[in-house]
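Letter by letter, the chains look like this.
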Amino acid sequence: MCSSDLVATTEVAGSQVQARIVDFELGAARSLGAVVTRQLQDTERVLVQQLANFRLDTASDDARAAFLVATYRLYPEIAIAVLLDEDGQEITTPLYQPTGQPASIPGHDLVSEARLAAFRRSLPASPGAGGVALGEAYQPEGAEAAVMPIVIGSARGDGVSLAVELSLAPVASRMSALAEGREITVLDGSGQVLLRAGEAGLVEPERAQGLLTNAAVDLRYTTRQGVEVVAALARVADQGWVVAVAEPADAVRATARQIQARTWYVGGIALLVAVVGGIYLTRSITGPVITLRDAARAVGGGDLAQRARIDGGDELAELARDFNQMTASLERNATEIAAKNIEIERFNAELQDRVEIGRAHV
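Per chain, residues are indexed from 1 in the order of the written sequence. Side-chain atom pairs in this predicted model are given and counted only at pLDDT of 80 or more, local residue features only at pLDDT of at least 70, and totals for whole chains, interfaces and linings cover all residues. In computing side-chain values, all of the structure's heavy atoms are included and hydrogens and water are not.

**Looking at the environment of alanine 244**
1) Next: Comment: elements are numbered from the N terminus, with helices defined as DSSP H or I runs of at least four residues and strands as E runs of at least two. Tracing the chain through its elements places alanine 244 in strand β11 (residues 241–248).
2) Next: Alanine 244 sits 218 residues away from leucine 26 along the chain, and the two C-alpha atoms are 8.9 Å apart.
3) Next: Excluding its chain neighbours within four sequence positions, the residues that come into contact with alanine 244 are Glu183, Ile184, Thr185, Val203, Ala232 and Leu233. Contacts are residue-level and defined by heavy atoms, with any inter-residue pair within 4.5 Å sufficient.

Written out as structure tokens, the structure reads:
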């Protein structure tokens, strides 16, 4: 990998990281919007069924009170429960746990008189038989999360309705789990903050107004404090609310730089390994080749006893063994030829001696 390839790789890695962070924020915004919708829908469905199982218009006060207790225990998110007539008037005493007193049923919010009054003011009109009406969500003083007033009409058509104040604390808990290093906020249709988790000051409610139709969007802006932000917005179905997930752009870029640094590190190691491997490979090839070359030159110069000493099982070692067999064969042939030359010279010498002796006798 050359340096230009490495630079291109790190740039691509950085861009992909930033894109994935934005995708994560969009996914988180959509997911939280779905969580809010699902929680409300599940609660509505169960409460509608709960109300349909009882004949409350003719029930005694004790039976109605027992129904409220059973409903109250069903969901820890319910802080207040009360039965209403068809005109919206209370036909039971509201069930709640007042502040300043020990909680008889753990897990529920304690309710002040001011919160009870706010609940009564926020109740929507009766939706009729089997219907569900949602009031405007609000943030009670001292509560950890916003609450939603809900009125459910009995499917029996007896004119009795169940009204509850439902806390959005489970959604707030889910938001907190995702909010490390970022801010997650749920805004109502007027831009009021209902739920907030994480680093404050990144989500500016006015940014969310008028930006959504039915789809999630990503948004980049600079806050009034000069912080550059990457944000994602998603609508909560049927509520007109907006979930906003925001993260400092510096954090996004820092993550991208970390990935780039790791890419440089890995790329550098790979380049070093390639260089060292190349040197080793070159030496492992050129060394035996030089040995064979020198041996061939020596044989060409007449040194038939020369051998190429190359160990191993690769092609070069096999070539060296073949070369050595060839030179050994040449050496044997040369030795045989030399021996025959000596024998011929001796025969010629004897023949010359005989000729000389014959001349002497003549």
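**Some points on the side chain of threonine 185**
1) Next: Relative to the helices and strands, threonine 185 resides in strand β7 (residues 183–187).
2) Next: Only 3.1 Å separates the side chain of threonine 185 from the side chain of glutamate 183, close enough to count as a polar contact.
3) Next: Residues in contact with threonine 185, not counting those within four places in the same chain, are Met175, Val193, Leu195, Arg196, Val203, Val242, Val243 and Ala244. Each polar contact in these results corresponds to two N or O atoms within 3.5 Å; when the atoms are within protein, one needs to be able to donate a hydrogen and the other to accept it, and residues that are neighboring in sequence are counted only if both atoms are side-chain atoms.

**Looking at the packing of aromatic side chains**
1) Next: Working definition: a ring pair exists when centres of Phe, Tyr or Trp rings (six-membered ring for Trp) sit within 6.5 Å. Plane angles under 30 degrees give stacked, over 60 give edge-to-face, the rest tilted. In total, this model carries one aromatic pair according to the counting rule given.
2) Next: A ring pair is formed by phenylalanine 54 and phenylalanine 67, whose centres lie 5.2 Å apart and whose planes are at 65°; its orientation type is edge-to-face. Within this pair, whereas phenylalanine 54 is found in the loop between α1 (3–52) and α2 (61–74), its partner phenylalanine 67 is found in helix α2, the two being separated by 13 residues in sequence.
3) Next: Residue classification places phenylalanine 54 among the partly exposed positions, given a relative accessible area of 37%.
4) Next: Each residue is placed in one exposure class: buried if its accessible area under a 1.4 Å probe, protein chains only, is under 20% of its type's maximum, exposed if it is over 50%, and partly exposed if it falls in between. The buried category is assigned to phenylalanine 67, whose relative accessible area is 2%.

**Regarding the sheet that holds strand β5 (residues 147–153)**
1) Next: The strand order β1-β6-β5-β4 describes an open sheet built from four strands, whose pairing is antiparallel. A strand with exactly one partner marks an edge of an open sheet, and here the two such strands are β1 (78–84) and β4 (132–134). Sheet twist, expressed as the mean angle between neighbouring strand axes with direction ignored, is 20°.
2) Next: Interaxial angle, 0 to 180 degrees, is taken between N-to-C directions of lines fitted to C-alpha atoms, where a helix line uses only the stretch in contact. Lying on the sheet, α2 is in contact with β1 and β6 (161–167); it crosses β1 at an angle near 150°. Here a strand pair is declared whenever DSSP counts at least two bridges between the two strands.

**Quick word on α2**
1) Next: Helix span, expected: 1.5 Å multiplied by one less than the number of residues in the helix. For α2, built from 14 residues, the straight-helix expectation of 20 Å at 1.5 Å per residue is met to within 8% by its first-to-last C-alpha distance of 20 Å.
2) Next: All of the buried residues in α2 are Arg64, Phe67, Leu68, Thr71 and Tyr72. The arc that holds the buried residues of α2, viewed along the axis, is 135°, so those residues lie on one side. α2 presents Asp62 and Arg73 as exposed residues on the side facing more than 90 degrees away from its buried surface. As used here, the arc belongs to the directions running from the helix axis to the C-beta atoms.

**Some remarks on the pairing of β6**
1) Next: The element β6 is extensively covered by neighbouring structure, given that seven of its seven residues are classed as buried.
2) Next: Residue alternation in β6 divides its side chains into two sets, Ser161, Ala163, Glu165 and Ser167 and Leu162, Val164 and Leu166, and both sets are buried.
3) Next: Bridging between β1 and β6 involves six bridges; their strand directions are antiparallel. Note on β6: the bridge partner recorded for isoleucine 78 is leucine 166.
4) Next: In this sheet, β6 lies alongside β5 in antiparallel orientation, the contact comprising seven bridges. Counterpart to isoleucine 152 in the pairing with β6 is leucine 162.

**Considering the confidence of the model for the protein**
1) Next: Each residue gets a pLDDT score, which is the predictor's confidence in that residue and runs from 0 to 100. Per-residue confidence for the protein gives a mean pLDDT of 76; residues scoring 70 or more make up 66%.
2) Next: Below a pLDDT of 50 lies the segment residues 6–14, which in the model reaches 15 contacts outside its immediate sequence neighbourhood of four places, other chains included.

**Regarding the pattern of salt bridges**
1) Next: Counted as salt bridges are all cases of a side-chain nitrogen of Lys or Arg within 4 Å of a carboxyl oxygen of Asp or Glu. Scanning the model with the defined rule gives seven salt bridges in all.
2) Next: Note that aspartate 42 and arginine 45 form a salt bridge whose closest N and O atoms lie 2.5 Å from each other. Taken as a pair, aspartate 42 and arginine 45 lie in helix α1 at a separation of three residues, close to a single helical turn.
3) Next: For aspartate 42, a relative accessible area of 29% corresponds to the partly exposed category.

**Quick notes on the environment of glycine 181**
1) Next: Considering the arrangement of structural elements, one finds glycine 181 in the loop between α4 (169–178) and β7.
2) Next: Glycine 181 sits in the partly exposed class, given a relative accessible area of 41%.
3) Next: A C-alpha to C-alpha distance of 6.5 Å links glycine 181 and glutamate 199, two positions 18 residues apart in sequence.
4) Next: When near neighbours in sequence (up to four residues on either side) are disregarded, glycine 181 contacts Glu199, Glu247 and Pro248.

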